[in-house]
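Structure assessment
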Amino acid sequence: MTEKPPVHDVSDDHLEVGEPREWAAGVPGVLHSMEPAIKQLGLARTVKLMTSLNQKDGFDCMSCAWPDPAHRKVAEFCENGAKAVTWEATPVLVPSSFWAEHSIDDLLDKSEYWLGMQGRLSKPVYKPADSEHYEEVSWERAFEVIGEKLNSLASPDDASFYTSGRTSNEAAFAYQLFVRAFGTNNLPDCSNMCHESTGTAMSEVVGIGKSTIAYDDFEKADLIIVMGQNPGTNHPRMLTALEDAKRNGAKIVAVNPLPEAGLRRYKNPQRVAGVLGRGTEMADQFVQIRLGGDMALLQAVSKRVLAAEAAAPGTVLDHDFIDEYCGGFDAFAEHIAAVDDDEVLLATGLSLAEIDELADRYIHSERVIITWAMGITQHRKAVDTIKEILNLLLLRGNIGRPGAGASPIRGHSNVQGDRTMGIWEQMSDTFLDALRDEFHFEPPRKHGVDALDGIKAMRDGDIKFWMGLGGNLVAAISDTQLAEKAMRGTEMTVQVSTKLNRSHAVVGAEALILPTMGRTEIDIQKAGPQFVSVEDTVCSVHGSHGQVPPVAADLLSEVAIVARLARATLADRVPVDWQSFEDDYDVIRDHISRVVPGFERYSERVRSRDGFVLPNGPRDSRTFTTASGRAEITVNHLEHVERPEGRLLLQTLRSHDQYNTTIYSLNDRYRGIKKGREVVFVNPADLADLGLVDGQRVDVITDWPDDVERALRGYRAVAYPTARGCAAAYFPEANVLVPLDSAALGSNTPVSKAVLVSVVASSD
Ligand code: SF4
């Protein structure tokens, strides 16, 4: 019997705090995957879906962007992949009566968990300006209302069109075409808030903003340095790739303020040792760095590499590679030689011995991969920090050869594909020219707004219409109070979604929710069953085929929604046959093959069982399409966050039972947390220095030079082995602490990993 949606919301009243785990996955991981699945989906549906997940003729996991190995296992998914499937494939529907029962204000009081547990959205709903309730409407009426609003705007730039990384290549391409045909480049996406810093740094240094390795490079590496990333929760199948690398003799170094279970020990439930034994020890060195200290660490390691070279010339640096492929080495060497170890120790909170050990591991490893995620990209100097990652790799030619490279790990299943399809507010003229030539209209050239600037434009009344293709922007973005106020100031908001979330309660004067199909669902159009495609974190493009009938007859696919909206808004303003897009997705793929480099013969190649891998200059041929045509070794000025006495640096993070802003449960078993989320993790010594104790109710207040109060009130202080001076709390709740103006230089990504806060006894 499928679990009914909760009537009453959850609270922290029954919060339990225990010891953090020293290992990840294992049999508990299997139980925590299958128990909710069978309860929610039933045994048959669970077996059908889980045996199709990430399989060659199956559907692609809608959670993170971890690639699939060439040889798939029967169960080619992790605990969080299973949770994502259970979340999407629930047969529970939001009933028609729901909208009369729950006003916008009522929905505002509900938690993300409660909203998501109400079931799948099944019919379009509309909230008129003079009402506080949504009401069901026909699809025709919904598109008519939106089209009228869009065409009533004074300028296309009064509208912004957001994309979440779950959107398929086909829907993303159609969406950007519709938006540009409408006349704006206001195409922010979730990448603006996560790996934008990566794209900015890598494009400048190596000419491409994507991973420079292939999946099987992991098992060929001698050393894998995992920086600012928690794969045990956010990319769990990566643990298997790391375990395979270790079985081939690789060493792993974890650079993180937190001792994450997945980087300590991994009990692979698909191996005897993982079921009956201790599993695999993961990190050979745990570098417990202070938040924001990564740039200093990387410069210190590079300094030691140069010193080792000076001590034994010709034995450490890859001179052939540097001479033939790189620029900027001399200026860099001079700059790095001046790096002050005392400043490094202050910035990192590490000892010289720890830094020396890491440098020694790097110098004595032939093939090195460095991976990273939000713990690197969401800092003020994130772009320069990533440039230092690339500097270190370039010194020993660790780019463009087996077992070596730079690998940002994407957190959303198709966030990379969406960007490749043109979902970006600042696409190149080359792309826009190709679009013009293919569709015979002149696309707008003025760059649009990204996620942060979009919120500011709403706040300032410049953006009056906002649409989200998936996602939960008001929860995901920083400075929640300001973001929500800005969103409420718009004239109309439109959300394309599968399930309810906070963004459906924080809306413009008029609001619509357009329910869409999920990846698990069979999508039949005029030309027959359709499939979509995605691009994973190592540039592999593959198909995703729905496996079960849609949970509701009225649902439309993302492509159909975009095509019908385009027809309702643009009529025949541009010579695009939107109907053909809806009828047969090969039509879209054929257009893509003529507009996007690397997608030649797309429809044909994506049908091969492994799909295809996109060209990647640095990986394939050490070709660097930078301004100079060389890989740029850059000079970056070290800056670390000053932490005044009595203040802490706080990072936002996910629990283990969460995916982005989707909350699967109130547990975080790897960190010992049960039945609650209102906790702040603080080092016991810092608690003592602050005159606080474990379990005490505290207020967490941001220290930022404006008159906005940003605070979490009445949270439970949890004594936790964080790096000294560093604290952590769950997002999206903790996003209220992150100022809108606190953004990474060069990429405008929210600085969610180094928020200066005071933690004081609660005033409640
Ligand atoms: S590792 Fe990522 S993509 Fe793979 S099953 Fe888990 S959540 Fe899904």
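Anyway, here's the lowdown on the structure attached to this text. Since the structure is predicted, the reported quantities are computational estimates derived from the model, not experimental observations.

1. A word on the overall build of the protein
Secondary structure summary: the protein contains 30 helices and 31 strands in total. Its C-alpha atoms give the protein a radius of gyration of 25 Å, near enough to 27 Å, the size a compact globule of 764 residues would have. Principal-axis analysis of the C-alpha atoms gives the protein an extent of 75 × 60 × 55 Å. Relative to its 764 residues, the protein shows a buried fraction of 65%. Considering only contacts within the protein whose residues lie at least 6 apart along the sequence, 79% involve residues at least 24 apart. Of the roughly 26000 Å² of accessible surface on the protein, 52% is carried by carbon and sulfur atoms. Treating the 78 positive side-chain charges of the protein as one cloud and the 110 negative ones as another, the clouds have centres 4 Å apart.

2. Points about a nonpolar patch on the surface
A cluster of nonpolar side chains, namely Val 27, Leu 31, Val 272, Val 275 and Leu 276, defines an oily patch on the protein surface of about 490 Å² accessible area. Counting residues per element, the ones that place at least two in the nonpolar patch are helix 1 (26–41) and helix 12 (272–275). Residue placement: Leu 31 occurs in helix 1. We classify Leu 31 as exposed; its relative accessible area is 54%.

3. Description of empty space enclosed by the protein
Across all of its chains, the model carries 9 cavities of 30 Å³ or more by this definition. For the second largest cavity, the calculated volume is near 220 Å³. Surrounding the second largest cavity, 17 residues form its lining, Met 517, Gly 518, Arg 519, Asp 523 and Val 532 being those nearest its centre. Looking at the lining of the second largest cavity residue by residue, the classes come out as 5 nonpolar, 7 polar and 5 charged.

4. A short note on the sheet that holds strand 19 (residues 532–535)
Neighbouring strands of a sheet are bound in pairs by backbone hydrogen bonds; such pairs are parallel or else antiparallel. Read across the sheet, 3 strands follow the order 19-20-21 without closing on themselves; strand pairing throughout is antiparallel. The sheet is open, and its two borders are formed by strand 19 and strand 21 (612–613), each paired with just one other strand. For strand 19 and strand 20 (residues 540–544), the ladder comprises 4 bridges, and the chain directions are antiparallel. From the neighbouring strand, Val 534 faces strand 20, where its bridge partner is His 542. Sitting on the sheet, helix 8 (residues 169–182) touches strand 19 and strand 20, and the angle it makes with strand 19 is about 90°.

Reading the values: rules and limits
Residues numbered from 1 in each chain as written. Predicted model: local features only at pLDDT ≥ 70, side-chain atom pairs only at ≥ 80, totals over all residues. Heavy atoms only, no water. Helix = DSSP H or I, 4+ residues; strand = E, 2+ residues; numbered from the N terminus. Rg over C-alpha atoms; globule rule 2.2 N^0.38 Å. Buried < 20%, exposed > 50% of the residue type's maximum accessible area, 1.4 Å probe, protein only. Contact = heavy atoms within 4.5 Å. Areas by Shrake-Rupley, 256 points an atom, 1.4 Å probe, with all protein chains shown as cover. Lys, Arg positive; Asp, Glu negative; His and termini not counted. Charge placed at Lys NZ, Arg CZ, Asp CG, Glu CD. Patch = residues over 30% accessible without salt bridge, like charges linked within 9 Å, V, L, I, M, F, W, Y side chains within 5 Å. Salt bridge = Lys/Arg side-chain N within 4 Å of Asp/Glu carboxyl O. 1 Å grid on protein atoms, 1.4 Å probe; cavity = no way out; pocket = protein on both sides within 12 Å on 5 of 7 lines; lining within 4 Å. Points joined across faces, edges and corners; volume = space filled by probe spheres on them. Nonpolar A, V, L, I, M, F, W, Y, C, P; charged D, E, K, R; others polar. Pairing = 2+ DSSP bridges. Axes fitted to C-alpha atoms, helices over the stretch in contact; angles between N-to-C directions.

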